[in-house]
Amino acid sequence: MLIDSHAHLFFKDFKNDLDDVLKRAKDAGVEYIICPGTDLPTSIASVELAEKYPFIYAAVGFHPHDASKLDDKSLSEIEKLSHHPKVVAIGEIGLDYHYDFSPRPKQIEAFKSQIELAQKRDLPIIIHSREAEDDVISILENQIKKNPDWRKSLAKNYDRYPTPKGVFHCFPGDSKLAWKVINMGFYVSLTGPVTYGNKPNKPNSMIDVATNVSAEHILLETDCPYLTPAPFRGKRNEPAYVKYIAEKIAELQHLSVNDIARASSFAVYNLFGIGKYPDPVFSYTIRNSLYLNITLRCNADCVFCDRKGEAIVKGNNLKITKEPTADEVIKAISDPRRYDEIVFCGFGEPTIRFDLMKEVSRWIKANGGKVRLNTDGHGNLINHRNIIPEMKGLIDSISISLNSTDPVQYGKLMRLDGEKYFPAMVEFAKECVKNNFDVTMTMVDLANVNEEQVRAFVEKEIGAKFKNRPLF
Ligand code: SF4
Ligand SMILES: [Zn+2]
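Residues numbered from 1 in each chain as written. Chains lettered and ligands numbered in written order. Predicted model: local features only at pLDDT ≥ 70, side-chain atom pairs only at ≥ 80, totals over all residues. Heavy atoms only, no water.

K.L.:
I'd like to hear about the site of ligand 1, residue by residue, with values.
P.N.:
Taken together, Cys298, Ala300, Asp301, Cys302, Cys305, Arg307, Phe347, Gly348, Asp376 and Met414 make up the full set of residues adjacent to ligand 1. For the shell around ligand 1, the class distribution of residues is six nonpolar, one polar and three charged. (Near = heavy atom within 4 Å. Nonpolar A, V, L, I, M, F, W, Y, C, P; charged D, E, K, R; others polar.)

K.L.:
Explain the packing of helix H10 (residues 326-333) against helix H11 (residues 354-366) to me, and be specific about the residues and the numbers.
P.N.:
Remark: H10 packs on H11, axes separated minimally by 10 Å, with the N-to-C direction vectors making an angle of 35°. Judged by the twist between their axes, the crossing of H10 over H11 is right-handed. Here H10 contributes Ala326, Val329, Ile330 and Ile333 to the contact with H11, which in turn contributes Leu356, Glu359, Val360, Trp363 and Ile364. Counted by class, the contact of H10 with H11 contains eight nonpolar, no polar and one charged residues. (Axes fitted to C-alpha atoms, helices over the stretch in contact; angles between N-to-C directions. Helix = DSSP H or I, 4+ residues; strand = E, 2+ residues; numbered from the N terminus. Left-handed = near helix turned anticlockwise from the far one by under 90°. Contact = heavy atoms within 4.5 Å.)

K.L.:
Explain helix H4 (residues 104-121) residue by residue, including any values.
P.N.:
An ideal rise of 1.5 Å per residue puts 26 Å on 18 residues; H4 measures up with 26 Å between its terminal C-alpha atoms. Phi turns positive, to about 55°, at Asp122, one or two residues after H4. (Expected span 1.5 Å × (residues − 1).)

K.L.:
A description of the state of the cysteines should follow, citing residues and the corresponding values.
P.N.:
Applying the stated criterion to the full structure yields zero disulfides. No disulfide involves Cys35; its sulfur sits 8.1 Å from that of Cys224, the nearest cysteine. (Disulfide = S-S within 2.5 Å.)

K.L.:
So what's going on with the coordination of the zinc ion (ligand 2)? Which residues, and what values?
P.N.:
Taken together, His6 (NE2), His8 (NE2), Glu92 (OE) and Asp223 (OD) make up the full set of protein donors to the zinc ion (ligand 2), lying 2.0 to 2.6 Å away. Relative to the metal, the four donor atoms surrounding the zinc ion (ligand 2) lie at angles of 85 to 173°, and the coordination shape comes out irregular. Sequence spacing of the donor residues for the zinc ion (ligand 2), all on one chain, is H-x1-H-x83-E-x130-D. Here the residue His8 occupies a position in the loop between strand E1 (2-4) and helix H1 (18-27), and Asp223 occupies one in the loop between strand E8 (218-220) and helix H8 (242-253), the gap between them amounting to 215 residues. With respect to burial, His8 and Asp223 carry one shared label: buried. (Donors = N, O, S within 2.8 Å, 3.2 Å for Na, K, Ca; no water. Tetrahedral: all angles 85-135°; square planar, octahedral: opposite > 155°, others 65-115°. Buried < 20%, exposed > 50% of the residue type's maximum accessible area, 1.4 Å probe, protein only.)

K.L.:
Got a sec to walk through the pattern of salt bridges? Specific residues and values, please.
P.N.:
A pair can form between side chains of opposite charge whenever their charged atoms are brought close. What the rule picks out here adds up to 30 salt bridges. A salt bridge links Lys365 to Asp396; the shortest N-O distance between them is 2.9 Å. One end of the pair, Lys365, is in helix H11; the other, Asp396, is in the loop between helix H13 (388-391) and strand E15 (397-401), and 31 residues separate them in sequence. A salt bridge links Glu459 to Arg455; its shortest N-O distance comes to 3.7 Å. Of this pair, Glu459 and Arg455 are both found in helix H16 (residues 451-462), four residues apart, which corresponds to roughly one turn of the helix. Linked by salt bridges that have partners in common, Asp17, Arg24, Arg236 and Glu238 make up one network. (Salt bridge = Lys/Arg side-chain N within 4 Å of Asp/Glu carboxyl O.)

K.L.:
Describe the packing of aromatic side chains, listing the residues and the values that go with them.
P.N.:
Applying the stated criterion across every chain yields a total of 16 aromatic pairs. Between Tyr53 and Phe55, the ring centres sit 5.8 Å apart and the planes meet at 55°, which makes this aromatic pair tilted. No difference in accessibility class separates Tyr53 from Phe55, as the two residues are buried. Where Tyr410 meets Phe422, the ring centres are 5.3 Å apart and the plane angle is 70°; that geometry is what we call edge-to-face. One end of the pair, Tyr410, is in helix H14 (residues 407-414); the other, Phe422, is in helix H15 (residues 418-434), with 12 residues separating them in the sequence. One aromatic cluster is present, built from ring pairs that chain together Phe10, Phe11 and Tyr226. Just above the ring of Tyr57 sits the side chain of Lys86; from NZ or CZ to the centre is 4.6 Å. The ring of Tyr97 has Arg104 sitting right over it, with the charged end atom 4.0 Å from the ring centre. (Phe/Tyr/Trp six-rings, centres within 6.5 Å; stacked < 30°, edge-to-face > 60°. Lys NZ or Arg CZ within 6 Å of the ring centre and 35° of its normal.)

K.L.:
Got a sec to walk through the packing of H15 against H16? Specific residues and values, please.
P.N.:
For any two helices packed against each other, the geometry comes down to the angle between their axes and how far apart the axes lie. Here H15 crosses H16 at 55°, and the two axes come no closer than 10 Å. The angle between H15 and H16 falls in the class oblique. Residue-level contacts link Phe422, Val426, Ala429, Lys430 and Val433 of H15 to Phe457, Glu461 and Ile462 of H16. Considering only residue class, the contact of H15 with H16 consists of six nonpolar, no polar and two charged. (Parallel < 35°, antiparallel > 145°, perpendicular 65-115°, else oblique.)

K.L.:
Can you tell me about the sheet that holds strand E13 (residues 342-344), naming the residues and giving the values?
P.N.:
Read across the sheet, seven strands follow the order E9-E10-E13-E14-E15-E16-E17 without closing on themselves; strand pairing throughout is mixed. For this open sheet the edge positions go to strand E9 (283-286) and strand E17 (465-469), each flanked by a neighbour on one side alone. For this sheet the average axis-to-axis angle between neighbouring strands, irrespective of direction, equals 25°. (Pairing = 2+ DSSP bridges.)

K.L.:
Account for the environment of Phe266, with residues named and values stated.
P.N.:
Structurally, Phe266 can be placed in helix H9 (residues 257-272). The exposure class of Phe266 is buried, given its relative accessible area of 10%. For the pair Phe266 and Gly192, spaced 74 residues apart in the sequence, the C-alpha separation amounts to 21 Å. Ignoring any residue separated from it by four or fewer positions in sequence, one finds Phe266 in contact with Tyr277, Pro278, Glu310, Ile312 and Gly315.

Here you go:
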């Protein structure tokens, strides 16, 4: 399921063949389309489209190009439109200092007054920013400070990011800027240029974002009729082509198109309330691997772990309410040879259910599959014995979270006794290497951990492989 989160279907480009365009979108797997207005007539047209087609939603607002046309009267018309049940956002609004079609003071005024409208209506915003990022961000910061309750109704118990307030459409910066706005409560949206490749002396910032920002923060859009992706660059763009954006991001993230579609659809659900909250699952695929989430329990409580939060990974809801039995797990796997590997993982420590792990692994091995264990490396302490001999022949590879090479920092990150658990984890890793398991030590990409130091420790001291994994 794909969502084109930004399509201007009201433009005359689509006047003659909109139904064909929408049929092609459906055939390409596009489930929903959001159509943002750019002034009053196009906002009305967006709402009319949303009324006519169940899978189209509207956003209403004045684009910075049209900011000089916004007055009190048209603003109150936009407000009236925003009460329509299919209006999901105020947009697109923002600043465009590239074209300066409206004078900058007028653009700023229109941007502020429309953010205030969104805040009053508790709606998210769709932001257009071109060569104006500093001003856009400082205006947003001020407005958020002024109205701290904006979107607070969406707050959950364990949020790692501020409640979602909007999206930067056609994201204009690199991954560093992307993480900055993500930490302010915004999503980033990618479009055609992500497929254009890097120019020799000018790196493509959208490729940087698509590579270095995790999929859960990225929305997909065409911005049609503009910004047509390769291989149709130069022709009219249309919602069906959003699949080329998804394919490119999947390639850059080493994920499947399904993973990108699922993750970005969940982002759209979170931000605009479109679609459906995913049901909890204990087995799910990422790329061509099957992941088994056999428990949510863990002996640690990592600061970066979302186990007690929503526990959504690439749009999969891992918040299981009941731990599966071995029979249920085996039934879910069905044929182990269908997958590259089957991974015990999840938001929980699988060795807490070591007996179930062994039973399922035995069955997987007997049926031609490969098994990986993702663990915190505390399995011996958890089970009060050396479990490594019992894993022989059942587990092929093991990924252990290393997190830090300093016991004190390790303890702080995992919120447990580092002096006790750090050496136990290192010992566990060394024993696994000695017993010929294929061992990888992983580290979450945190600013205050020295990656090179950790890598050297893993490769020289433990003799395992090292992998840096991005923070969600
Ligand atoms: S060890 Fe894994 S499951 Fe446990 S708290 Fe840390 S990140 Fe979460
Ligand atoms: Zn647009």
